[in-house]
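# Structural characterization, general
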Amino acid sequence: MTQPEDPIRPTPQAQRGGDDAPDTRTAPVPEGPTDERGLSVAEVVDLVERAAPPALAASWDSNRLICGDPQDRVSSVLLAVDPVTAVVDEAIERGVGMIITHHPLYLRGTEAVAATDPKGRLIHRLIRSGIALLNAHTSLDAAHGGVADALAAAVGLDEVVPLEPDPTDPAQGIGRVGALPRPTSLRDFAATVAAALPDSAPGLLLGGDPEAHVQTIAVSGGAGDSLLARARQVGADVFLTADLRHHPASEHLEGGRPYLLCGTHWATEWVGLPPLAQRLEAETLARGARLTAVVSHTVTDPWTMRLTTADRA
């Protein structure tokens, strides 16, 4: 796996939490000594669920503690997009007590965790190493300061609102739509996006007229096929997402704007990890304890190389 050479630095917009969340940039530092043992696993779960409320999760999703003893103490955590072998290797090498991933290990559930398949082997390695595993998926996608806000901030959007508001809390929801400070060409905006996202082999695809002027932008980290119609409905000039398939993308572009920018699933969701890490450290310190939250730069996109086809030069 390769490493992003220049990982993005979240802007203040990407760092904001929910209405009841403290400003993680100015969280009060308690007087007296801090507890260097960190927090219990259960307390870390509580902090993550405050940042990514489970009520925001899609009905089909899994957002939960996957393995680990809630009473164990944790002084360091590793944040990553995917619960895969390379991430577990990194966690063991770093000696962290917990991994927090965006994606669940078992989305559909399981009847067994025998070490006869890759996921079962991960569970066995985690338990033997005393490492807890927690995930926050669509709950973090939709939350204030989560993946969608971070992606919007990374590409320079202002006046951001949810693309698909949550039915019970319209101020939060999946995706974001906002405006660039001034119109620009699709080509130049795509270059901004490419520079803002961490790198992986597939890079960024552009669909539409590169010279067209654009300003209203919709974004959604991860697979965005289901939001194509919504992005058009809100009047977006461009929709930035990932995992766009041939037929839905082609048929959508036949109807005109929004033009499409297709990044990788991993890159468009990785941007949500640094703000969460900052929030966890700040809120732990506000509780009188210390927690080191490290963001993994291991690229877990499944594609490791891209070749130009039909290159006969």
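Numbering of residues starts from 1 in every chain and runs along the sequence as written. The predicted nature of this model means local features are confined to residues of pLDDT at least 70 and side-chain atom pairs, given and counted, to a pLDDT of 80 or more, with totals for whole chains, interfaces and linings taken over all residues. Hydrogens and water molecules were not included; the side-chain quantities draw on all heavy atoms of the structure.

### As for the pattern of salt bridges
Side chains that differ in sign of charge can pair as their charged atoms come close. As a reminder, the rule being used: For this analysis, a salt bridge means a side-chain nitrogen from Lys or Arg found within 4 Å of a carboxyl oxygen belonging to Asp or Glu. Counting from the N terminus, the helices are the DSSP runs of H or I reaching at least four residues and the strands are the DSSP runs of E reaching at least two. The buried label goes to any residue with under 20% of its type's maximum accessible area, the exposed label to any with over 50%, and the partly exposed label to all in between, with areas taken from a 1.4 Å probe on protein chains only.
Overall, the coordinates contain 10 salt bridges when judged by the stated rule. Between Asp46 and Arg287 there is a salt bridge, with the nearest N and O atoms lying 2.9 Å from each other. Of this pair, Asp46 sits in helix α2 (residues 41–51) while Arg287 is found in the loop between α11 (273–286) and β13 (292–295), placing the two residues 241 residues apart along the sequence. The salt bridge involving Arg176 is made with Asp149; its shortest N-O contact spans 2.8 Å. With Arg176 in strand β8 (residues 173–185) and Asp149 in helix α6 (residues 147–154), this pair connects stretches of sequence that are 27 residues apart. In terms of burial, Arg176 and Asp149 fall into one category: buried. Here the salt bridges share partners, and the residues they tie into one network are Asp46, Arg50 and Arg287.

### Let's talk about the packing of aromatic side chains
Two aromatic rings are characterised by how far apart their centres lie and by the angle between their planes. Stated precisely, the cut-off is as follows: Two aromatic rings from Phe, Tyr or Trp, using only the six-membered ring of Trp, form a pair when their centres are within 6.5 Å; if the ring planes differ by under 30 degrees the pair is stacked, by over 60 it is edge-to-face, and anything between is tilted.
Considering all chains together, one arrives at one aromatic pair under this definition. Here Trp266 and Trp270 contribute two aromatic rings whose centre-to-centre distance is 6.5 Å and whose plane-to-plane angle is 45 degrees, an arrangement assigned as tilted. In this pair, Trp266 and Trp270 are both assigned in helix α10 (residues 265–270), four residues apart and thus about one turn of the helix distant. Each member of the pair, Trp266 together with Trp270, is buried.

### Section: the pairing of strand β6 (residues 132–135)
Filter applied, for reference: Any two strands with at least two DSSP bridges between them are considered paired.
Taking every second residue as pointing to the same face, both faces of β6 are buried, with Ala132 and Leu134 on one and Leu133 and Asn135 on the other. Pairing of strand β2 (residues 65–67) with β6, which is carried by two bridges, proceeds in the antiparallel orientation. Within the sheet, the bridge partner assigned to Leu65 lies in β6 and is Leu134. As paired strands, strand β5 (residues 98–101) and β6 are joined by four bridges and run parallel to one another. Residue pairing across strands places Thr101 opposite Asn135, the latter belonging to β6.

### Focus: the sheet that holds β8
Note the cut-off: The angle between two axes is taken between their N-to-C directions and runs from 0 to 180 degrees, where each axis is a line fitted to C-alpha atoms and a helix contributes only its stretch in contact. In this description, contact between two residues means that some pair of their heavy atoms is separated by no more than 4.5 Å.
Read across the sheet, six strands follow the order β7-β8-β10-β11-β12-β9 without closing on themselves; strand pairing throughout is mixed. The open sheet has two free edges, formed respectively by β7 (158–165) and β9 (205–207), since each of these has just one partner strand. Neighbour-to-neighbour, the strand axes of this sheet turn through a mean angle of 25 degrees, independent of strand direction. Where strand β10 (residues 213–223) meets strand β11 (residues 238–242), four bridges bridge the pair, whose relative direction is parallel. Paired with Val219 across the two strands is Leu240, which belongs to β11. The sheet strands contacting helix α7 (residues 186–196) are β8, β9, β10, β11 and β12 (259–263), and the helix crosses β8 at an angle near 125 degrees.

### Quick notes on the sheet that holds strand β4 (residues 76–80)
On the basis of which strands lie adjacent, the open sheet formed by five strands has the order β2-β6-β5-β4-β13 and mixed pairing. Each having just a single partner strand, β2 and β13 make up the two edges of the open sheet. On average, adjacent strands in this sheet sit at an angle of 25 degrees to one another, irrespective of strand direction.

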